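Single-letter residue listing:
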Amino acid sequence: MKAGKTYYSCSECGYRTAKWMGKCPTCGAWNTFTEEVAEPEPKAGAPAHALFSSGDNHAVAYDKLEMPTYMRSKTGLGELDRVLGGGLVHGSVVLLSGEPGIGKSTLLMQVSDVLCRSRKVLYVSGEESGGQLKLRAERLGVKGSNLYILTETNLDRVMREVDAIQPEVLIVDSIQTLYSDRLTSAPGSITQVRENALALINRAKGDGISVLLVGHVNKEGGIAGPKVLEHMVDAVLYFEGERQQAYRIIRAIKNRFGSTNEIGVFEMEEHGLREVENPSELLLSGRPHGISGNCAVCTLEGTRPLIAEVQALVTQAPQPAPRRNSNGIDYNRMCLILAVLEKRLGLRFSANDVYLNVIGGLRLDEPATDLAVALALISSLTDRVVPDELIALGELGLSGELRAISGLENRVREAMRLGFTRAVVPARNLEKRKLDLPIELLPVKSIYEALRVLRKTDVPEKMESDE
Ligand code: TYD
Ligand code: MG
């Protein structure tokens, strides 16, 4: 393409076209085309993407390959270190993404304060003025003697400061605000983000600098800019949570230096983010007691069990088309559970509006939470309470059967630790291995059986006739 000519490129797959299109013919994504300006062909020389090879490169016999040893620095926040796989790896590039106002800059300022005690840190902000940064840092109690602040959006000037200061940790808040004069596309465009990130990554790999990049999110919640950005960096972290709620979760979507299963939990306080070592307690605080429509569940985030409370509100629908609303549980999963309950138990959800919520703003995205969702729904519909000290675990099949789930013991132990005394669990889980725990386990094969077991304590008469 001739330099200076405008074209449109798909942010999902990179497909280029001369005219705008609603749907990408290659990957099928909608509304992903953005206008770009063709850049001059790069001059001959070392390819920019040669991250690992330098000069003379040859294949190595597998048994001669050495296990890598990564140098890591602790960030001062154990929860963040856990997600990173044990600390920030020297020379690695980490992309931190999340909604505006979630606390990305706060987190990075706190981390800078700790890292600068052992390594030289350069914090580049293209979003705030020096004064604003100082205000936040004061609020966080930052001392930072080896911490340098640069408010700049021009990549070349950033690189010049990197040359002058020679930092060991470089923080860029955010990659979307950086622009390079050598590119004609607008700041924040796909080309700018991709090329500037590449320049920073090459620099980091060359000099062994750890780079933390802040990435904005787009309307759909993904990282704004090219999809390749996620492939280029070593780790992608998502900072999530409800802005109105105090607690925040950091999740690794990708991590070349650790597992992607771990999450870190924080609480936003007056003086910055505080780690939460006992998230279940936080999630259960303020939990209503003795009210219908609630059921406790334990979800596994990686290896970490978290107790959450599912809330359902089922009310008579004023309109022929009933409303369905779900917060924290996949909408389609909710519809599926409702369909199973309607078909298998004959419960009339179709005449009712249904609202689902997970207390604390947690997202439950594993099927092991199906039974708790089902029980919360039935409890609200029939206005009978699921006992407070009971926790429900299990995946619901289309015939109403309860499927085995992973990590049962881990979940039940967490429930016990928080004072639950009874657990409804899939019978299939206990077929292979019995659990010998000081808690009343109620193994069930299906949703019917779960209701039968519950009926002994607190199940509505209506359900009995429904069965
Ligand atoms: P910020 O880190 O600027 O978010 P992001 O960089 O992701 O856009 O801060 C987010 C919010 O956190 C802001 O609305 C104010 C609040 N906050 C606190 O509650 N306590 C604090 O100590 C700080 C610094 C911010
Ligand atoms: Mg910010």
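Residues numbered from 1 in each chain as written. Chains lettered and ligands numbered in written order. Predicted model: local features only at pLDDT ≥ 70, side-chain atom pairs only at ≥ 80, totals over all residues. Heavy atoms only, no water.

A few points about the domain arrangement of the chain
Note the cut-off: Residue ranges labeled as domains rest on an automatic or database domain assignment. The contact rule is simple, with two residues in contact once any of their heavy atoms fall within 4.5 Å. The term buried area means the drop in 1.4 Å probe accessible area that two parts suffer when joined, counted for both and summed.
What the domain assignment reports for the chain is domain 1 (6-37), domain 2 (72-277) and domain 3 (282-466). Just the C-alpha atoms count here: the centres of domain 2 and domain 3 sit 38 Å apart. Contact residues are listed per partner, giving 15 residues for domain 2 and eleven residues for domain 3. Interface of domain 2 and domain 3: buried area, both sides summed, is about 1,100 Å²; carbon and sulfur atoms make up 49% of it. By the criterion of area lost to domain 3, the three top residues of domain 2 are Tyr 247, Arg 251 and Ile 263, representing 41% of everything that side buries.

What about the packing of aromatic side chains?
Centre distance and the angle of the planes are the two values used to describe a pair of aromatic rings. What counts here: Stacked, tilted and edge-to-face are the three classes applied to pairs of Phe, Tyr and Trp rings, where Trp contributes its six-membered ring and a pair requires centres within 6.5 Å; stacked means planes under 30 degrees apart, edge-to-face means over 60, and tilted covers the rest. The helix count covers DSSP runs of H or I at least four residues long, the strand count covers runs of E at least two residues long, and both are numbered beginning at the N terminus. Residue exposure (1.4 Å probe, protein chains only): buried if accessible area is under 20% of the type maximum, exposed if over 50%, otherwise partly exposed.
Using the criterion set out here, one finds three aromatic pairs in the structure. Each ring, one from Tyr 70 and one from Phe 257, has its centre 4.5 Å from the other, and the planes form 75°; the classification is edge-to-face. In this pair, Tyr 70 is assigned in the loop between strand 3 (33-37) and strand 4 (72-73) and Phe 257 in the loop between strand 12 (247-255) and strand 13 (263-269), connecting sequence segments 187 residues apart. Considering the side-chain rings of Phe 239 and Phe 266, the 6.4 Å spacing of their centres and the 75° angle between planes classify their relative orientation as edge-to-face. Separated by 27 residues along the polypeptide, Phe 239 in strand 11 (residues 235-240) and Phe 266 in strand 13 bring together distant segments of the chain. For the pair Phe 239 and Phe 266, one class covers both residues: buried.

With respect to the side chain of Arg 411
Put simply, the rule reads: Within 3.5 Å is the distance limit for a polar contact, defined as a pair of N or O atoms, with the added protein rule that one can donate a hydrogen and the other accept it, and that residues adjacent in sequence qualify only through two side-chain atoms.
If you trace the backbone, Arg 411 turns up in helix 10 (residues 408-417). Side-chain polar atoms of Arg 411 contact the backbone oxygen of Cys 298, separated by 3.0 Å. When sequence neighbours within four positions are dropped, the list of residues in contact with Arg 411 reads Cys 298, Thr 299, Leu 300, Pro 305, Glu 366, Ala 368, Leu 393, Ile 405 and Ser 406.

Brief notes about the side chain of Ser 112
Topologically, Ser 112 is positioned in helix 2 (residues 104-115). Given a relative accessible area of 0%, Ser 112 falls into the buried group. The residues contacting Ser 112, other than those within four sequence positions of it, are Val 121, Tyr 123, Leu 147 and Ile 171.

Observations regarding the sheet that holds strand 13
To keep it simple, the criterion reads: Here, any two strands with at least 2 DSSP bridges between them count as paired. What counts as an axis is a line fitted to C-alpha atoms, over the stretch in contact for a helix, and the angles between N-to-C directions run from 0 to 180 degrees.
Strand order in the open sheet formed by nine strands is 8-7-9-10-6-11-12-13-14, with mixed pairing between adjacent strands. Here the strands that pair on one side only, and so sit at the sheet edges, are strand 8 (147-151) and strand 14 (272-275). Each neighbouring strand pair of the sheet contributes to a mean axis angle of 25°, computed without reference to strand direction. Across four bridges, strand 9 (residues 169-173) lies against strand 10 (residues 210-215) in parallel orientation. Bridge assignment links Val 169 to a residue of strand 10, and that residue is Ser 210. Each of strand 7 (121-125), strand 8 and strand 9 touches helix 4 (residues 155-165); the most contacted strand, strand 7, lies at about 165° to it.

Focus on the packing of helix 8 (residues 331-345) against helix 9 (residues 370-382)
Selection rule: Crossings are assigned a handedness: left-handed for a near helix turned anticlockwise from the far helix by less than a right angle, right-handed for a clockwise turn. Each residue receives one of three labels: charged for Asp, Glu, Lys and Arg, nonpolar for Ala, Val, Leu, Ile, Met, Phe, Trp, Tyr, Cys and Pro, and polar for the others, Gly being one of them.
Contact pair helix 8 / helix 9: the axes reach a minimum separation of 10 Å and the direction vectors enclose 60°. In this structure, helix 8 crosses over helix 9, and the sense of that crossing is right-handed. In contact with Arg 333, Ile 337, Leu 338, Leu 341 and Leu 345 of helix 8, helix 9 contributes Asp 370, Val 373, Ala 374, Leu 377 and Ile 378. Taken together, the residues of the contact of helix 8 with helix 9 break down into eight nonpolar, no polar and two charged.

Describing the pattern of salt bridges
Going by this rule: Think of a salt bridge as a Lys or Arg side-chain nitrogen and an Asp or Glu carboxyl oxygen that are within 4 Å of each other.
Inspection of the entire model under this criterion finds 28 salt bridges. With its nearest N and O atoms 3.3 Å apart, the salt bridge here joins Glu 401 to Arg 403. Where salt bridges share partners, they join Glu 79, Arg 82, Glu 262 and Arg 304 into one cluster.

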